[in-house]
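Observations on chain architecture
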Amino acid sequence: MSFKKVTTGNHAVSYAVWSSRVQIISAYPITPQTQIVELLSEIVAEGKLQAKFITVESEHSAMAACIGASATGARAFTATSAQGLALMHEMLHWAAGARLPIVMANVNRAMAPPWSVWTDQNDSLSQLTTGWMQIYNESNQEVYDSVIIGYKVAEQVHLPLMTVLDAFILSHTSEPVEIHTQEEVDEYLPPYDPGEYYTIKTEDPRGYGLLTMPSDYYEFRYKVQRAHERAIEVFKKEFKNFEEVFGRKHWFFEEFMMDDADYVIVTSGSLSSDVKYAVAKLRKEKGLKVGVLKMRVVRPYPFEEVRKVLGDRKKIAVIDRNIGFGYHGVFYEELKSALYPLEKRPPVFGYIIGIGGRDVTPADIEDIIDDMLKRDEMTEIIWKGVRL
Amino acid sequence: MADNKLPPSVYPPDEEGKEPLVFKHVDDYPEVPVTLTTMKFNKTGAWRNVRPVITDHKVGPCVGPCPMWVLIPKFMDLVVQERLEDAARVILERNPFPSITGRICPAPCEKPCNRRKLDEPVAIRSVERFLGDLGVIEEPGEPTGKKVAIVGSNIAGLAAAYYLRRWGHEVTVFESGNVICEHLRGREDLPEEVLEREIEKVKTMGAEIITNAADPDLSGFDAVLYAMTEVPKDADKTTGVTDDPRIFKAGHTEPVRSMGAAKKAALSVHQYLTGQEIKPEPRPSGVVTPSQVNYFHFPLASRTKNEDMSKEEAIYEANRCFSCGNCNSCGNCWVYCPDNAIQWVNDLPVVNYDYCKGCGVCVVECPRGVIDLEPEWK
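What counts and how
- Residues numbered from 1 in each chain as written.
- Chains lettered and ligands numbered in written order.
- Predicted model: local features only at pLDDT ≥ 70, side-chain atom pairs only at ≥ 80, totals over all residues.
- Heavy atoms only, no water.
- Pairing = 2+ DSSP bridges.
- Helix = DSSP H or I, 4+ residues; strand = E, 2+ residues; numbered from the N terminus.
- Axes fitted to C-alpha atoms, helices over the stretch in contact; angles between N-to-C directions.
- Contact = heavy atoms within 4.5 Å.
- Buried area = accessible area lost by both parts, 1.4 Å probe.
- Salt bridge = Lys/Arg side-chain N within 4 Å of Asp/Glu carboxyl O.
- Polar contact = N/O pair within 3.5 Å; in protein donor to acceptor, adjacent residues only side chain to side chain.
- Nonpolar A, V, L, I, M, F, W, Y, C, P; charged D, E, K, R; others polar.
- Domains from an automatic or database assignment.
- Parallel < 35°, antiparallel > 145°, perpendicular 65-115°, else oblique.
- Left-handed = near helix turned anticlockwise from the far one by under 90°.
- Patch = residues over 30% accessible without salt bridge, like charges linked within 9 Å, V, L, I, M, F, W, Y side chains within 5 Å.
- Areas by Shrake-Rupley, 256 points an atom, 1.4 Å probe, with all protein chains shown as cover.
- Core = buried A, V, L, I, M, F, W, Y, C linked by side-chain atoms within 4.5 Å.
- Buried < 20%, exposed > 50% of the residue type's maximum accessible area, 1.4 Å probe, protein only.

Remarks on the sheet that holds strand E8 (residues 247–251) of chain B
All names here are of chain B.
- The parallel open sheet is built from 5 strands, whose spatial order is E6-E5-E4-E7-E8. At either end of the open sheet lies a strand with only one pairing partner, and these are strand E6 (208–210) and E8. For this sheet, the mean angle separating the axes of adjacent strands, direction not counted, is 20°.
- Relative to strand E7 (residues 223–228), strand E4 (residues 147–151) is paired through 4 bridges, and the arrangement is parallel. Bridging across to E7, Ile-150 finds its partner in Leu-225.
- In the packing of helix H7 (residues 255–273) onto the sheet, contacts are made with E4, E7 and E8, and the angle to E8 comes to roughly 165°.

Some remarks on the environment of Cys-333 of chain B
Residue and element names in this part refer to chain B.
- Positionally, Cys-333 belongs in helix H9 (residues 332–336).
- Between the C-alpha atoms of Cys-333 and Cys-366, which are 33 residues apart in sequence, the distance is 6.0 Å.
- Dropping the residues within four chain positions of it, Cys-333 is found in contact with Ile-342, Trp-344, Pro-349, Cys-362 and Ile-371.

Examining the interface of chain A and chain B
- Listed as interface residues are 21 residues of chain A and, on the opposing side, 17 residues of chain B.
- Overall, the association of chain A and chain B removes approximately 1,900 Å² of surface from exposure, summing both partners, and the carbon and sulfur fraction of that is 57%.
- Linking chain A with chain B are 4 salt bridges, by the criterion used here.
- Put simply, Glu-31 of chain B and Arg-99 of chain A hold a salt bridge, and the shortest N to O gap is 2.8 Å.
- At the junction of chain A and chain B, the tally comes to 15 residue pairs in polar contact (both at pLDDT 80 or more).
- Top element by residues in the side of chain A that touches chain B is helix H8 (residues 214–246) of chain A. It accounts for 7 residues.
- Here the residues of the side of chain A that touches chain B sort into 8 nonpolar, 5 polar and 8 charged.

Some details on the domain arrangement of chain B
All names here are of chain B.
- For chain B, the assigned domains are domain 1 (72–135 + 283–320) and domain 2 (147–273).
- When each unit is reduced to the centre of its C-alpha atoms, the spacing between domain 1 and domain 2 is 27 Å.
- In this complex, domain 1 contributes 15 residues to the contact, which on the side of domain 2 involves 22 residues.
- For the pairing of domain 1 and domain 2, the buried interface totals around 1,500 Å² over both sides, and the portion due to carbon and sulfur atoms is 67%.
- The tally of links between domain 1 and domain 2 comes to 2 salt bridges.
- With a shortest N-O distance of 3.8 Å, Arg-166 and Glu-93 are connected by a salt bridge.
- Inspection of the domain 1/domain 2 interface yields 7 residue pairs in polar contact (both at pLDDT 80 or more).
- Ranked by residue count, the leading element in the side of domain 1 that touches domain 2 is helix H3 (residues 98–104), at 6 residues.
- In terms of residue class, the side of domain 1 that touches domain 2 is made up of 8 nonpolar, 3 polar and 4 charged.

What to know about the packing of helix H9 (residues 272–286) of chain A against helix H12 (residues 362–374) of chain A
Residues and elements named next belong to chain A.
- Running from N to C, H9 and H12 point in directions that differ by 60°, and their axes come no closer than 8 Å. With respect to H12, the axis of H9 lies oblique. Here H9 and H12 pass one another in a crossing that is right-handed. Residues Asp-274, Val-275, Tyr-277, Ala-278, Val-279, Lys-281, Leu-282 and Lys-286 of H9 form the contact with H12, whose participating residues are Pro-362, Ile-365, Glu-366, Ile-369 and Asp-370.

Focus: the domain arrangement of chain A
All names here are of chain A.
- What the domain assignment lists for chain A is domain 1 (3–246) and domain 2 (253–383).
- On a C-alpha basis, the centroid separation for the pair domain 1 and domain 2 is 28 Å.
- Each partner contributes to the interface: domain 1 provides 27 residues, whereas domain 2 provides 28 residues.
- Together, the buried faces of domain 1 and domain 2 total about 2,100 Å²; carbon and sulfur atoms form 54% of this surface.
- For the pair domain 1 and domain 2, the interface holds 5 salt bridges.
- The salt bridge partner of Glu-142 is Arg-296, with a shortest N-O separation of 3.5 Å.
- In this assembly, domain 1 and domain 2 are joined by 19 residue pairs in polar contact (both at pLDDT 80 or more).
- Broken down by element, the side of domain 1 that touches domain 2 gets its largest block of residues, 6 residues, from H8.

Things to note about a nonpolar patch on the surface
- A cluster of nonpolar side chains, Leu-211 and Met-213 of chain A together with Tyr-11 and Leu-21 of chain B, forms an exposed patch at the surface whose accessible area comes to about 410 Å².
- The residue Tyr-11 of chain B is located in strand E1 (residues 9–11) in this model.

Topic: the nonpolar core
- Membership of the largest hydrophobic core comes to 97 residues, with the highest contact counts inside it found for Ile-25, Met-63, Phe-77, Phe-235, Leu-310 and Leu-335 of chain A.
- Counting contributing residues per domain, this core is built from domain 1 (3–246) and domain 2 (253–383) of chain A, each supplying no fewer than three.
- Non-local contacts of Leu-310 of chain A, meaning those with residues more than four positions away in its chain, are made with Met-258, Val-264, Val-266, Leu-293, Ile-316, Leu-335, Leu-339 and Pro-346 of chain A.
- Val-63, Tyr-163, Val-171 and Met-205 of chain B belong to the second largest nonpolar core, which has 74 residues in total.

See below:
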């Protein structure tokens, strides 16, 4: 029987990793991630999880250790944040190119300088083109579930997956999380079967990732993209399986008050809760037909599904807790290009807010909705909550 | 917009008689960038310009200062394996009386111990005492028919008697007084019964000890060794050889050093009696320095203060020993070799030079300086 436990986002990750029977954990401490691997190190030391915990001297090495372990057919996990993720960058490409289903938790933390430990999404969004799948989470329950779904999908398409949670707002804040028994998780997540090409055998040495001529390199890259496209279908199947075993619904995004919504706020991460609160209030007080689309899976990008739910709306506001410098909010730009093929497409407005962990309140969201209602012409960056 | 006009990518077969590899379509490629055939043909050992050599002769800094060059790391390793009797035999190979030296030796071995740089030196003397007190006795050697007289029943004389019995010679020890090994009696740090036990050991080995023999008749002996409590002035210091080829002399004022001198002289006597050239044993070479120890692999552990150790304490203390220069099959080289070029044969590492690139990772990761890196060019 599952049970409810009041726990932080960080420890929700640890519990999910434990239940996923991960065999290799390698990590380097960094705020605000450290608690994830701290609890895991205790779980491993107490013998509750049959795993090897490899301490390393950097995040680059942590990912390298996961790559080595995964290449031998072991289920591998690491966690990091911000500068640590940036230091892993080279190895992120390797993990994806070598088609290794590593799952990593990244706690969204603003990049330095200036130094910060608070949340924004620039760290993980900088890694969108590495070939990793990415899931964003609003609650600690989603954090817990994403790890388990993550392994199930990653191991079928042979791609690594990054699950993303906000610094402090999720990572260090406790809320009730339904934790499942080992038997329940085992029912959903079988042991990893790496298959023929994915396992290193020392008695039959092969060359992995060797120098490949222009005559052949392209095909391997094509296969990475094809695996992402296949992952869309695998996600659909696994969201359904997950609901059957655990009773909770997941999808590429969450729709909130969307049925008759003319106006949609597209959001992600923990600030989605503030958005939902403000939207529910405006519906009740002013009868405004507004809804929320909370993005969860952004790699692979669910183009078809997004077009289906957003194509027929009057206006869309995208809230970005990130800046693609010299460009725009990343979620904003991605959504615009997703909608572009539609013949009739709503105007989309991009708002930047909450950078470096600056507080976002429901009142701020009401301001954004007000602003969107007044606008007709699409424009460049709209700033919210900066001293201008 | 795929392009099916591209010519196929073709790779010739790696062996005669095999089909070439042909890639016409993306699905012909493996999903993962991996070679479809073995890489064993690629003998990467050809890239090497330095080679790791797994040595079997190196010693810790403890061995050289020991007057009897006891192979300390080797017996410590056997204690770790709980092969206590074998450990005692490693000591007896070079030091006949570990119960005595385990109490009175000034322990010059502990001074340069590489562990000192981490916390405290290993309590070598106490472990030696523990092993000596197990009372292991060895067999005398095959009889050679040669007779040796040893003049003086001091500790040097007894040590020489022990070794000459081990090598099969008949031994008679002549003591001018009426007490055997008088110079070590009445010491607070050496209980009378311990000394008696070690003297008994020499007798059990078959040496005869005659007391009150102030002026013995030495004419019937093939060789005579004078054991002294000072450095003899008229004999070679490393071999004990005197002007008379039949007569040898050894001694020192410090009892343990006198045992070392007696052992060297006894070896000369043995060489003389068996018709060999008299040649001293070479000093142990290949001392492991602190820079060759990988301290990262050793956790802090404080030195056992109790000098009369229990078995558990002896094993704990032996575990503190780095086993410098002595491969104890820890497997680090095997784990760290990035090219799988260390093979594990009979519980020991063996370098596969067909594939070893000479990166030297094993040399760095060997915690105890067993592996040397040698240039390929001479």
